[in-house]
Amino acid sequence: MLDNVMRQFNNAADIIELNKNIRKILEVTNNEFIVHFPVRMDNGEVEIFTGYRVQHNNALGPYKGGLRYHPTVDIDAARALAMWMTWKTSLAGLPYGGAKGGIQLDPTKYSQDELQRITRRFTYALGDNIGPELDIPAPDVNTNAQTMAWILDTYMSTKSPNERSKNLHVVTGKPIGAGGSEGRDRATGYGVFLTIKFWAENKKVDLKNKRFIVQGFGNVGYWAAHFLEKEGAILTAVQDAYGSIYNEDGISTEKLLEYVQANKGSILGFSGANTMDSADFFGLDCDICIPAALGNQITVENAPKIKARLIAEGANGPTDVKAEEILLKRGVDIIPDILCNSGGVIGSYFEWLQNRNGEIWHLDEVLEKLEKKMRESFGKVVHKAKSKKVDMRTAAFIIAIERLEETYVQRGIFP
Ligand code: NAD
């Protein structure tokens, strides 16, 4: 993933002939924390965990980005994902920089009590290297609103009583009762849907009866599917960490969600679809493909087989650079991750603003503001792609980098 994000950055930086000193700054991360910490397991044994937080750049504002609990989390993955966050927040016009982190573990191997103790001890180990005006984590793969509530509670508990409520915005994606925002749960998936809707408007495509497939049926995949289904599109296949399912006549997103929640997060065994070979997933006949799981899923091996006309990147870094070349040559449109899934960080920004200002917004207000911001970003990317004669990803990177370049030129380099 690091190789991919660097190539994407260099490609855009070359096109705009980015100032070479600013390029040097943006090529590296500002801060990298690796923490090893002990946690008592349910059986009384102590296990040592390794957690990461990489802060790439904060020229535009506090670092912002998710925390992921997955065996593939390491320093390079955190670096790559932190860089993508910088481009994403810059593109969205938010007052944030980019960060990412997590813990290298398989959460299915731990009880809820253990995950709570792991999360709290990780938060304690990060200490004041995160903070509401410094670095604000959010949910990502295998972390959720509950994880954020534990982080908030631990972080606040380490502050003196008169400081505690000032720190409500140390994390976003919290449960509503713990200071979360209406709509943050669906913000990323809704944003993915919106970008598909804007694409369809541009291309004069009717989404009704269009067939789509989704990799990853978690927060992002489910909500994107939910809104597309409401628009009349038909979900025909889903893949998750456990396998793949298919039904030509359509899979009900709500029934599948109900099943997954009762089946420890797995889609396998769902009666409304048949199991299929995961190797054939991306080659399925469909109109829209939504990768909403991990990075590097669309590769040179499966890119030539893809039949979808549009790939909407719900996940971060799902398409590798070489696969993208193949797809673009074949005329497949790609809504790039830093645009497609930016609804999440925009929703987080709204939560952060509400916490900071002591406000509570209604769901309709949140979704309306989100749509306005995403439409603005989408329009800018389409316009830049046309004017520079580049693909949407390159256009999105150019907008993001130019904003940072302007900031550095105006501020200069200290001292
Ligand atoms: P999640 O943990 O809620 O869901 C992840 C889903 O991916 C699960 O269904 C899981 O089974 C599936 N999965 C895991 N490994 C897989 C594999 N090898 N093959 C197929 N499926 C696999 O995570 P999420 O929050 O929905 O995040 C999904 C993606 O979206 C990630 O790339 C994340 O960085 C990105 N993203 C998330 C948010 C957010 O707000 N949650 C915001 C922006 C981007």
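All figures in this text were calculated on a predicted structure; none of them were measured in a lab. (Residues numbered from 1 in each chain as written. Predicted model: local features only at pLDDT ≥ 70, side-chain atom pairs only at ≥ 80, totals over all residues. Heavy atoms only, no water.)

Let's shift gears to the overall build of the protein chain. Scanning the protein chain for helices and strands turns up 13 helices and twelve strands. Overall, the C-alpha framework of the protein chain stretches about 55 × 55 × 40 Å when taken along its three principal axes. In the protein chain, which comprises 415 residues, the share counted as buried stands at 58%. Here the protein chain displays about 17,500 Å² of accessible surface, and carbon together with sulfur accounts for 49% of that area. Between the averaged position of the 49 positive side-chain charges in the protein chain and that of its 52 negative side-chain charges there is a distance of 4 Å. (Helix = DSSP H or I, 4+ residues; strand = E, 2+ residues; numbered from the N terminus. Buried < 20%, exposed > 50% of the residue type's maximum accessible area, 1.4 Å probe, protein only. Areas by Shrake-Rupley, 256 points an atom, 1.4 Å probe, with all protein chains shown as cover. Lys, Arg positive; Asp, Glu negative; His and termini not counted. Charge placed at Lys NZ, Arg CZ, Asp CG, Glu CD.)

Here the focus is the sheet that holds strand E3 (residues 63-69). The strand order E1-E2-E4-E3-E5 describes an open sheet built from five strands, whose pairing is mixed. Among the strands making up the open sheet, the edge pair consists of strand E1 (31-40) and strand E5 (135-139). The sheet shows a mean angle of 20° between the axes of neighbouring strands, taken without regard to direction. Of the pairings in the sheet, the one linking E1 to strand E2 (residues 46-57) comprises ten bridges and is antiparallel in character. Bridge pairing in E2 places Glu32 opposite Val54. Contacting E1, E2, E3 and strand E4 (98-103), helix H3 (residues 75-91) runs over the sheet at an angle of about 35° to E2. (Pairing = 2+ DSSP bridges. Axes fitted to C-alpha atoms, helices over the stretch in contact; angles between N-to-C directions. Contact = heavy atoms within 4.5 Å.)

Mapped onto this numbering, the UniProt entry gives "binding site: substrate" (unreviewed entry) at Lys64, Lys88 and Ser348. The greatest C-alpha distance among the residues just named is 12.7 Å, despite their covering 285 residues of sequence, which places them together in space. Locating Lys64 in the fold gives a position in strand E3. Checked against the element boundaries, Ser348 lands in helix H11 (residues 343-357). (UniProt positions renumbered as here; feature names shortened; annotations may be inferred.)

Contacts to the ligand come from 23 residues, most closely from Asp140, Asn142, Thr188, Ala293 and Asn316. Between the ligand and the protein, one listed contact pairs an oxygen atom with a side-chain N or O atom of Asp140 at 2.6 Å. The contact in question runs from an oxygen atom of the ligand to an N or O atom on the backbone of Ala241, over 3.0 Å. Within the complex, 86% of the 840 Å² of free accessible area of the ligand lies under protein. (Near = heavy atom within 4 Å. Polar contact = N/O pair within 3.5 Å; in protein donor to acceptor, adjacent residues only side chain to side chain.)

Right, let's talk about the packing of aromatic side chains for a bit. Following the criterion strictly, the structure yields 19 aromatic pairs and no others. With a centroid separation of 4.7 Å and an interplanar angle of 55°, the aromatic rings of Tyr190 and Phe227 are classed as tilted. In this pair, Tyr190 is assigned in helix H6 (residues 184-203) and Phe227 in helix H7 (residues 219-230), connecting sequence segments 37 residues apart. Residue classification places Phe227 among the buried residues on the basis of a relative accessible area of 8%. Pairwise contacts between aromatic rings join Tyr190, Phe193, Phe217, Tyr222, Trp223 and Phe227 into one cluster. (Phe/Tyr/Trp six-rings, centres within 6.5 Å; stacked < 30°, edge-to-face > 60°.)

Here the focus is the domain arrangement of the protein chain. Each domain of the protein chain was delimited in the assignment, giving domain 1 (29-171) and domain 2 (186-339). Placing a centre on the C-alpha atoms of domain 1 and another on those of domain 2 gives a separation of 28 Å. Counting from both sides, the interface comprises eleven residues of domain 1 and, opposite them, eight residues of domain 2. At the boundary of domain 1 with domain 2, total buried surface from both sides reaches about 760 Å², with 63% on carbon and sulfur atoms. (Domains from an automatic or database assignment. Buried area = accessible area lost by both parts, 1.4 Å probe.)

Further remarks concern the pairing of E4. Most of E4 is tucked away, with six of its six residues classed as buried. Burial of E4 is two-sided: the residues Gly98, Lys100 and Gly102 facing one way and the residues Ala99, Gly101 and Ile103 facing the other way are all buried. As paired strands, E2 and E4 are joined by six bridges and run antiparallel to one another. Across the sheet, the residue bridging to Gly51 is Ile103, located in E4. When E3 meets E4, the two strands line up parallel, connected through three bridges. The residue of E4 that forms the bridge with Tyr69 is Ile103.

This part covers the side chain of Ser377. Tracing the backbone shows Ser377 in helix H12 (residues 363-388). Dropping the residues within four chain positions of it, Ser377 is found in contact with Leu91, Ala92 and Leu339.

Right, let's talk about the sheet that holds strand E10 (residues 288-291) for a bit. Strand order in the open sheet formed by seven strands is E9-E8-E7-E6-E10-E11-E12, and the pairing between neighbours is mixed. Of all strands in the sheet, those with a lone pairing partner are strand E9 (274-276) and strand E12 (333-335), marking the two edges. Averaged over neighbouring strand pairs, the angle between their axes works out to 20° when direction is ignored. Where E10 and strand E11 (residues 310-312) come together, two bridges link them in parallel fashion. Across the sheet, the residue bridging to Cys289 is Ile311, located in E11.

This part covers helix H5 (residues 145-157). Taking 1.5 Å of rise per residue, the 13 residues of H5 would be expected to cover 18 Å, and the 18 Å separating its terminal C-alpha atoms lies within 8% of that figure. Three or more residues of H5 are buried, namely Thr147, Met148, Ala149, Trp150, Ile151, Leu152, Thr154, Tyr155 and Met156. Buried positions along H5 lie against E3, helix H4 (112-126) and E5. N-cap assignment for H5: the residue whose side-chain oxygen lies 3.1 Å from the backbone N of Gln146 is Asn144. (Expected span 1.5 Å × (residues − 1).)

This part takes up the pattern of salt bridges. One pass over the structure, following the stated rule, counts 26 salt bridges. Across the salt bridge formed by Asp42 and Arg117, the nearest N and O atoms sit 2.9 Å from each other. With a gap of 75 residues between them, Asp42 in the loop between E1 and E2 and Arg117 in helix H4 connect regions that are remote in the sequence. Among the residues examined, Arg117 registers a relative accessible area of 31% and is labelled partly exposed. Asp185 is the salt-bridge partner of Arg186, the closest N and O atoms lying 3.0 Å from each other. Classification of Asp185 as partly exposed rests on a relative accessible area of 36%. Beyond isolated ion pairs, a larger network of salt bridges with shared partners links Lys197, Glu201, Glu371 and Arg375. (Salt bridge = Lys/Arg side-chain N within 4 Å of Asp/Glu carboxyl O.)

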